[in-house]
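Spelled out from the first residue to the last, the chains are:
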There are 2 protein chains.
Amino acid sequence: MPLDRSLISGLPAFAGLDGKDLDAILSRARSSRFPKDSEVFGQEEEATSFFLLLSGHIRVVRTSPEGHQVIARYITEGELFGIAIAMGRTTYPASAVAAVDCVVLAWPNSAWAELQSRFPAFGASAYRTIGSRLQETQAQVMEMSTQQVEQRIAHALLRIVSQSGRKTPEGIEIDFPITRQDIAEMTGTTLHTVSRLLSAWEDQGIVRSGRQKVTVTDPHALMLVSEHRRKGPAA
Amino acid sequence: MPLDRSLISGLPAFAGLDGKDLDAILSRARSSRFPKDSEVFGQEEEATSFFLLLSGHIRVVRTSPEGHQVIARYITEGELFGIAIAMGRTTYPASAVAAVDCVVLAWPNSAWAELQSRFPAFGASAYRTIGSRLQETQAQVMEMSTQQVEQRIAHALLRIVSQSGRKTPEGIEIDFPITRQDIAEMTGTTLHTVSRLLSAWEDQGIVRSGRQKVTVTDPHALMLVSEHRRKGPAA
DNA sequence: CAGGCAGTTTGCGCTGGCGCAAATAGCCGC
DNA sequence: GCGGCTATTTGCGCCAGCGCAAACTGCCTG
């Protein structure tokens, strides 16, 4: 059964393409399910496909030779990921793990050249994606160089929540399970410190948190926290 | 006077192109000199061109809203830089400052689409460049999350030296002026800490350093330092 | 519904590395 | 050769946040 073009018609990656184009693009893709905690691809693995997340959330994790893990980002619905081919890489630089049950479209790398040349808008969109990843990653380096742990965590929460937040009566909730450890691995700290800060914020009524769950009840206050920077150069 | 193709013929960015192609590419470029400490482009500035460094060394610097600076990387001879256009960005995400007197080739952004489509190998090379920048930046995040300052500085020195080292009787010297502050801004620390560590290494005979100058006399020992990691997970 | 496990909280002590400040030392221009 | 500027070194005190360890708590499973 061919994939329905409505799956991807609204996505920024395919902006400016008509129905026929979408069908052509989809004809090269296959869709698959990944249950929670399963790996879409692994770090250092031979890159054979590139992907689009149709539904769910995916954690992109880099593991160091000594076994330390760092979460590079979360992929949300509609995003391209694993586009090693677009950067001329032959292996995936990180692994991708389903944070919840996910549905993913996969294209074989062999489709890349064709899609890119037939639908330049699609290629451009992929390159824009890479550009923003680079931008974000550089911003993260900056943040780690100049901000305290508290600000970094506040900022990370705001980022996640704005990307993958679900409104509830109590506030905005991160709509996938996330542990203190996960947050620590996104911000370069330890689960202990994350736990302490979340507790403090809970006392101040800024967040509510539970097992693998964080709800931001006062985003504005959290923004203030994230902006209260360490003393910088005078100007 | 047209630019001579020998300027760029050996560079990886133009691998696989013949003399006529090179001339065509060069015909769209103009060459300019940037004296030490002058800015090739500024952060947030409208991106109007992309560049190739013919000679010299360029410092890529990001400045935070509070005035903190971070050195994202050094560009060495033969590298493309400022290729915001390839990522669909309209402004430069960082500024580029000549670390020494530099000679630079600049293409107007309007040449990008044409060059990319006429010479796919050139486009691919640019995308590979971006891919490795992303890779490196992510590795840096990892490093900052998991390693101590000492290891980070050791690693940074090794990286610079392998990229821009000049052999001298005493060891390998960084062949552009670099201050303790610069090293601090590459590694997310302070010039004080850098100075202390360099002094310690000097006592151990691993480096020799002077005003805006660092010579690695014992790269192997420095590698050992950079690999002596903080205790990690058991496996 | 009894365990057991994974995730979380919290206390406590310690230390890497920062912040500040002052002294020193190359280098450049005059 | 004399300032004066900029880069560097170094001492000292302090504290954010880590490491360790122990207790706790939902939640899932049998």
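Residues numbered from 1 in each chain as written. Chains lettered and ligands numbered in written order. Predicted model: local features only at pLDDT ≥ 70, side-chain atom pairs only at ≥ 80, totals over all residues.

Caption draft 1: Representation of the overall build of chain A in the model. Counting secondary structure elements, chain A contains 7 helices and 12 strands. Against the compact-globule benchmark of 18 Å for 235 residues, chain A has a radius of gyration of 19 Å, which places it among compact chains. Dimensions along the principal axes, computed over C-alpha positions, put chain A at roughly 55 × 40 × 35 Å. Taking all 235 residues of chain A together, 40% fall into the buried category. A separation threshold of at least 6 residues defines the contact pool for chain A, and within that pool the share at least 24 residues apart is 69%. (Helix = DSSP H or I, 4+ residues; strand = E, 2+ residues; numbered from the N terminus. Rg over C-alpha atoms; globule rule 2.2 N^0.38 Å. Buried ≥ 20, exposed ≤ 12 C-beta atoms within 10 Å, placed from the backbone. Contact = placed C-beta atoms within 7 Å.)

Caption draft 2: Focus on the protein's contact with DNA strand C. Taken together, the neighbourhood of DNA strand C is formed by 22 residues, with T179(A), S195(A), S199(A), Q148(B) and T193(B) sitting nearest. Those elements giving two or more residues to the surface near DNA strand C turn out to be helix 5 (180–187) and helix 6 (191–203) of chain A together with helix 4 (149–164) and helix 6 (191–203) of chain B. Top contributing element to the surface near DNA strand C by residue count: helix 6 of chain A, with 6 residues. For the surface near DNA strand C, the residue count by class is 3 nonpolar, 13 polar and 6 charged. (Near = placed C-beta within 6 Å. Nonpolar A, V, L, I, M, F, W, Y, C, P; charged D, E, K, R; others polar.)

Caption draft 3: Just helix 4 (residues 149–164) of chain A, in detail. With 16 residues, helix 4 of chain A extends 22 Å from end C-alpha to end C-alpha; this agrees with the ideal 22 Å at 1.5 Å per step. The set of residues buried in helix 4 of chain A consists of R152(A), I153(A), A154(A), H155(A), A156(A), L157(A), I160(A) and V161(A). (Expected span 1.5 Å × (residues − 1).)

Caption draft 4: The protein's contact with DNA strand D, seen in detail. Taken together, the neighbourhood of DNA strand D is formed by 21 residues, with V149(A), T193(A), T179(B), S195(B) and S199(B) sitting nearest. Contributing elements (two or more residues each) for the surface near DNA strand D: helix 4 and helix 6 of chain A together with helix 5 (180–187) and helix 6 of chain B. Looking at the surface near DNA strand D element by element, the count peaks at 6 residues for helix 6 of chain B. When its residues are assigned to classes, the surface near DNA strand D shows 3 nonpolar, 12 polar and 6 charged.

Caption draft 5: Just the relation of the copies chain A and chain B, in detail. Note on the identical chains: chain A maps onto chain B by a rotation of 180° and an axial translation of 0.0 Å, with an RMSD of 0.0 Å. Each copy turns onto its partner about a two-fold axis. Here 100% of the contact residues of chain A are again contact residues in chain B; the copies associate through an equivalent surface. (Least-squares fit on C-alpha atoms with pLDDT ≥ 70 in both.)

Caption draft 6: Here's a closer look at the nonpolar core. Ranked by internal contacts, the top residues of the largest apolar core, which has 132 residues, are I58(A), I130(A), I58(B) and I130(B). When residues no more than four places from it in sequence are discounted, the contact partners of I58(B) are V40(B), L53(B), Y74(B), I75(B), F81(B), A96(B), V97(B), A98(B), A99(B) and C102(B). (Core = buried A, V, L, I, M, F, W, Y, C linked by C-beta atoms within 7 Å.)

Caption draft 7: Spotlight on the domain arrangement of chain A. Residue and element names in this part refer to chain A. Along its sequence, chain A is organised into domain 1 (5–143) and domain 2 (147–227). Centre-to-centre, using C-alpha coordinates, domain 1 lies 26 Å away from domain 2. Each partner contributes to the interface: domain 1 provides 9 residues, whereas domain 2 provides 11 residues. A total of 4 residues in the side of domain 1 that touches domain 2 trace back to one element, the largest contributor, which is strand 5 (residues 69–75). The class makeup of the residues in the side of domain 1 that touches domain 2 is 5 nonpolar, 3 polar and 1 charged. (Domains from an automatic or database assignment.)

Caption draft 8: Focus on the packing of helix 5 of chain B against helix 6 of chain B. Residue and element names in this part refer to chain B. Close contact between helix 5 and helix 6 brings their axes to 8 Å; oriented N to C, the two are set at 110°. With respect to their mutual orientation, helix 5 and helix 6 come out roughly perpendicular. Listed contacts from helix 6 to R180, Q181, I183 and A184 of helix 5 are L191, V194 and S195. Across the contact of helix 5 with helix 6, the residue classes break down as 4 nonpolar, 2 polar and 1 charged. (Axes fitted to C-alpha atoms, helices over the stretch in contact; angles between N-to-C directions. Parallel < 35°, antiparallel > 145°, perpendicular 65-115°, else oblique.)

Caption draft 9: Molecular detail of unusual backbone geometry. Residues and elements named next belong to chain A. A positive phi is found at D37, a non-glycine position, where the angle reads about 75°. In this fold, D37 is placed in the loop between strand 1 (30–34) and strand 2 (39–41). For D37, a count of 12 C-beta atoms within 10 Å puts it in the exposed group. Positioned with a positive phi, Q212 is a non-glycine residue whose angle comes to about 55°. In this structure, Q212 sits in the loop between strand 11 (207–210) and strand 12 (213–216). According to the C-beta neighbour criterion, Q212 is exposed, with 12 such atoms within 10 Å.

Caption draft 10: Representation of the sheet that holds strand 12 (residues 213–216) of chain B within the structure. All names here are of chain B. The 4 strands lie next to each other as 9-10-12-11, forming an open sheet whose pairing is antiparallel. The open sheet terminates on both sides in strands that have one partner only, identified here as strand 9 (165–168) and strand 11 (207–210). Along the sheet, successive strands turn relative to each other by an average axial angle of 25°, direction set aside. Sheet topology note: the strand 9/strand 10 (residues 171–174) ladder contains 4 bridges and is antiparallel. From the neighbouring strand, R166 faces strand 10, where its bridge partner is E173. (Pairing = 2+ DSSP bridges.)

Caption draft 11: Focus on the UniProt feature "domain: HTH crp-type" (unreviewed entry) in chain A. In this numbering, the UniProt entry assigns the feature "domain: HTH crp-type" (unreviewed entry) to residues 147–220 of chain A. Strand forms 22% of residues 147–220 of chain A and helix 53%; the C-alpha atoms that close the span are 19 Å apart. (UniProt positions renumbered as here; feature names shortened; annotations may be inferred.)

Caption draft 12: Structural context of the interface of chain A and chain B. Every contact between the two is made by 33 residues of chain A and, on the other side, 33 residues of chain B. Breaking the side of chain A that touches chain B down by element, the ones donating at least two residues are strand 5 and helix 3 (120–146) of chain A. With 16 residues, the top contributor of residues to the side of chain A that touches chain B is helix 3 of chain A. Considered class by class, the residues forming the side of chain A that touches chain B number 14 nonpolar, 13 polar and 6 charged.

Caption draft 13: Highlighting the UniProt feature "domain: Cyclic nucleotide-binding" (unreviewed entry) in chain A. When the UniProt feature table is mapped onto this chain numbering, "domain: Cyclic nucleotide-binding" (unreviewed entry) sits at residues 13–106 of chain A. Across residues 13–106 of chain A one finds 10% helix and 41% strand; the C-alpha atoms that close the span lie 14 Å apart.

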